[in-house]
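Listed here are the chains, written in short residue letters.
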Amino acid sequence: MKTKKKCVAMLLAGGQGSRLYALTKKVAKPAIPYGGKNRFIDFPLSNCINSGIDTVGVLTQYQPLVLNDYIGNGQPWDLDKMNGGVHVLPPYQTSAGASWYEGTANAIYQNMAFIERYDPEYVIVLGGDHVYKMDYSKMIEFHIANNADSTIAVIDVPRSEASRFGIMICDDENRVTDFKEKPKEPVSTLASMGIYVFTWEKLKKYLIENENANTDSKDFGKDIIPAMLANGERLFAYEFQGYWRDVGTLDSLWEANMDLLSPSVPLDLYDTKWKIYSRHENMPPQYIGPNAHVENSMITEGSIVDGAVDFSVISAGVTIEEGAVVKYSIIMPGTVIKSGAVVEYAIIGEDSIVESGAKIGMSPECAENRDDWGIAVVGHNITVSGMAKVLPKEIISENI
Amino acid sequence: MGINNNVLGLIFASVNDSAVIDLTKQRTMGSIPFGGRYRLIDFPLSNMVNSGIQEVGVITKSNYGSLMDHLGSGREWDLARKKGGLHLLPPFSHVGGGVYQGRLEALNNVWSFIDYTKSEYVIMSNCDFIANVDFSAALAAHKESGADITMIYAKGFYNANKNINTNILSINDDNVVTEILVHPDMLGECNICLDMFVMRTDFLKKIVREAASKNQCSLIRHVLQGRKDEFVFKAYEHKGVYFKIDSLEAYYKASLQLQNASVREGLFSTENPIYTKTGDNAPVKYGLETVVKNSTIADGCIIDGTVENCVLFRGVKIGKGSVVKNCVLMQGTVVGENCCLDSIVADKDVEISDDRVLTGSEEYPLYLGKKAKI
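The structure displayed is predicted, hence computed values, not measured ones.

What about the interface of chain A and chain B?
Each partner contributes to the interface: chain A provides 32 residues, whereas chain B provides 37 residues. Summing both sides of the interface, chain A and chain B together bury roughly 2800 Å²; the carbon and sulfur share of this comes to 48%. Here chain A is connected to chain B by two salt bridges. Counting every contact that joins chain A to chain B gives 28 residue pairs in polar contact (both at pLDDT 80 or more). Those elements that provide at least two residues to the side of chain A that touches chain B are strand 16 (286-288), strand 17 (293-295) and strand 18 (297-299) of chain A. For the side of chain A that touches chain B, the residue count by class is 16 nonpolar, 12 polar and four charged. Pairing geometry for strand 18 of chain A and strand 14 (residues 284-286) of chain B, over three bridges, is antiparallel. Among the inter-strand pairings, Ser297 of chain A is bridged to a residue of strand 14 of chain B, identified as Tyr286 of chain B.

What follows is the structure, given as structure tokens:
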């Protein structure tokens, strides 16, 4: 069978997501549930298959058990292919010794043999923790049309937020002239989305050089892109129009979910032309009971709701008993909210139990001091007893 | 789950199609949508898989496009196998012959498939009974009793005026079936045959061959009734919930029974799930000022109105200000704004424009055909 591929995707899914602690204690960030039915990794995987890229290497390192299970043979994304498909690539041992992935560039370097197997012209490097729908094939066309060595996807961000990102400075023809990682005084508002298309021969050269230079970071943003710029390679910025959200913090995770409930946010998960696929259990449809009050929310199959749900995202197999109240919250799969419990402005992890009478989170209007207010978080597999009160900003990672 | 890897499952997807002529106009009994995201064949097929059966033949008659589309390679039931797996058996008739009339004839038509199997036992089922049946236990009972055929039945209410195509069993204290009656003129509690049978493959081959030689086609008339003194037929009771789909009214009532917790738990246990083709739909989205009560709703729906006591299939849209009560709306039904619907069964992709008022009744739900525009 013909093995050659035009483009191979490399998906960096090894990050710990330490700022999402409690949710990422035992689960890699790309495997965190999002939007009721998905996990973050569904977005790049679905974008790949919808863009016609059917060969994806997923680089894992941190707590890969749930993620590996989730990806499996790649079938839910149509990535179970005879030639190509999805391959999980953990760090491995060689005759020269074993090493962890030391940085994003090093992770790809260690898997050059995987890429070479498909003899691709282009490699697209993706992250596993962003919410967006993007046609990568258009970006690759842009890359080809510009005869580029590397193309970096960018999005226009508000100037006030620009210092959080890697910022690209471009000329009139979108050619990147300079790149600044988290600049204090940004001169441009084009932020890197962490999505790179490389001409493979070029990338290979820079990966080997970077490895030989033995820098501390071995990172795309810190090493590869600056080195290519310094050598005058053709780098272009591809401006993405549409919804894109980085979910690095608990607040942004909550906001990204709430975005789905807003009619003004252009992320349409109901569009059948660009589906975001997921692996999910076979569950019966949701049942909304006679005492339920459901508004402004998303609720997923297998759930049984007989309480009040408002401005919330409810994942699969969740039970919300009669008399329970869930507002402005995210409830992850398999969790039970018992009668009389109140959950507001909170994230509750998978398979947890919130007993009757427990009170989690608080609305910002009720907080005495606005600075003390924030999202309350309960991790996975946790029981919150009936007497417990979880304050705003509090993060619960053990039974209380 | 028992290790029943020496059992062949046989499903008749088209038997009794004519009972629900509205719903089977463009499909088989087995591909009638049910319960928000399922098709009727999902129940016997999942029951077989949950009992450890790894080889299933699906016998069809006509209009089986939707069935083939639904089943595909059988992957969702874990039946996309090298060894065994799912086999679709469309009608095959010898030169000059027509499409089969009864189950024995149908089996004779797929003789090479039955002759080829190495499975020692056969379990067969139609698609017009909805139940979560433990075939493992029925098979164990069959092996222990030494019967020629074990019939699965349930105790239930029978009304000759309403329940067509129903077979009633008389059973003695030793669980021996002494008589099987086809649609008798009776009313009351009966032993209702679920038309699920367990037997040895050799026995099946024997009765199929013998029937073919005598130009007989009906399993019930020519074997279960005609040869009852010759063979031993035993009964196995299914104690859980079941529904028989023998009219549009029965379909409608069974659908609305899903709001009942005991029915839901009886049909969809977590230990023995019902598998189906996945649609990769997003969760249900509830808009501002929605009122939703006592309803079963599949993923992909967008609801902006009032929904009470309904079953909504995948991707149904209910517009603002609309009030939908006691309805079964199949996949892709779109209800506009300020509509008022009561006791409707809408087939797939029906469009109801703004301000419409449509009402059926509990006994005679109003049926709207596939892709109707109102």
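Considering the pairing of strand 11 (residues 187-200) of chain B
Residue and element names in this part refer to chain B. Among the 14 residues of strand 11, 11 are classified as buried, and the element is accordingly described as predominantly covered. Here strand 6 (residues 121-125) pairs with strand 11 via four bridges, running antiparallel. Within strand 11, the residue paired with Ile123 across the bridge is Val198. Judged from the 11 bridges that link them, strand 8 (residues 149-159) and strand 11 form a sheet pairing that is antiparallel.

Observations concerning the sheet that holds strand 30 (residues 376-378) of chain A
Across the sheet, 11 strands lie side by side as 33(A)-30(A)-27(A)-24(A)-21(A)-18(A)-14(B)-17(B)-20(B)-23(B)-26(B); this open sheet has mixed pairing. In this open sheet, the two strands that pair with only one neighbour each are strand 33 (395-396) of chain A together with strand 26 (351-352) of chain B.

Points about the sheet that holds strand 22 (residues 319-320) of chain A
The strand order across the open sheet built from 11 strands is 31(A)-28(A)-25(A)-22(A)-19(A)-16(A)-16(B)-19(B)-22(B)-25(B)-28(B), with neighbouring strands paired in mixed fashion. Each edge of the sheet is formed by a strand with only one pairing partner; in this case those strands are strand 31 (383-384) of chain A together with strand 28 (366-368) of chain B. Two elements, strand 25 (residues 344-346) of chain B and strand 28 of chain B, share three bridges in a ladder whose sense is parallel. In the sheet register, Ile344 of chain B faces strand 28 of chain B, and the bridge partner there is Leu366 of chain B.

A few points about the confidence of the model for chain B
The pLDDT averaged across chain B works out to 91; a share of 97% of its residues lies at or above 70. Overall fold confidence (pTM) sits at 0.90, and the ipTM for the predicted complex is 0.88.

Some remarks on the packing of aromatic side chains
Under the defined criterion, the tally for this structure stands at 23 aromatic pairs over all chains. Ring geometry for Tyr345 of chain A against Trp373 of chain A: centres 5.4 Å apart, planes inclined by 80°, an arrangement best described as edge-to-face. Here Tyr345 of chain A, found in the loop between strand 26 (342-344) and strand 27 (346-348), pairs with Trp373 of chain A, found in the loop between strand 29 (359-360) and strand 30; they are 28 residues apart in sequence, far enough to count as distant. Each member of the aromatic cluster is reached from another via a ring pair, and the members are Trp254, Phe311, Tyr328, Tyr345 and Trp373 of chain A. The ring of Tyr38 of chain B carries the charged tip of Arg37 of chain B above its face, separated from the ring centre by 5.8 Å. Taking the ring centre of Tyr287 of chain A as reference, the NZ or CZ of Arg264 of chain B above it sits at 3.8 Å.

Overview of the environment of Tyr92 of chain A
Residues and elements named next belong to chain A. Within the secondary structure, Tyr92 is located in the loop between strand 5 (85-89) and strand 6 (93-94). Expressed as a C-alpha distance, the spacing of Tyr92 and Gln110, which sit 18 residues apart in the sequence, is 8.7 Å. Other than its neighbours up to four places away in sequence, Tyr92 contacts Ala98, Ser99, Gln110 and Asn111.

What counts and what doesn't
- Residues numbered from 1 in each chain as written.
- Chains lettered and ligands numbered in written order.
- Predicted model: local features only at pLDDT ≥ 70, side-chain atom pairs only at ≥ 80, totals over all residues.
- Heavy atoms only, no water.
- Contact = heavy atoms within 4.5 Å.
- Buried area = accessible area lost by both parts, 1.4 Å probe.
- Salt bridge = Lys/Arg side-chain N within 4 Å of Asp/Glu carboxyl O.
- Polar contact = N/O pair within 3.5 Å; in protein donor to acceptor, adjacent residues only side chain to side chain.
- Helix = DSSP H or I, 4+ residues; strand = E, 2+ residues; numbered from the N terminus.
- Nonpolar A, V, L, I, M, F, W, Y, C, P; charged D, E, K, R; others polar.
- Pairing = 2+ DSSP bridges.
- Buried < 20%, exposed > 50% of the residue type's maximum accessible area, 1.4 Å probe, protein only.
- pLDDT = per-residue confidence, 0-100.
- Phe/Tyr/Trp six-rings, centres within 6.5 Å; stacked < 30°, edge-to-face > 60°.
- Lys NZ or Arg CZ within 6 Å of the ring centre and 35° of its normal.

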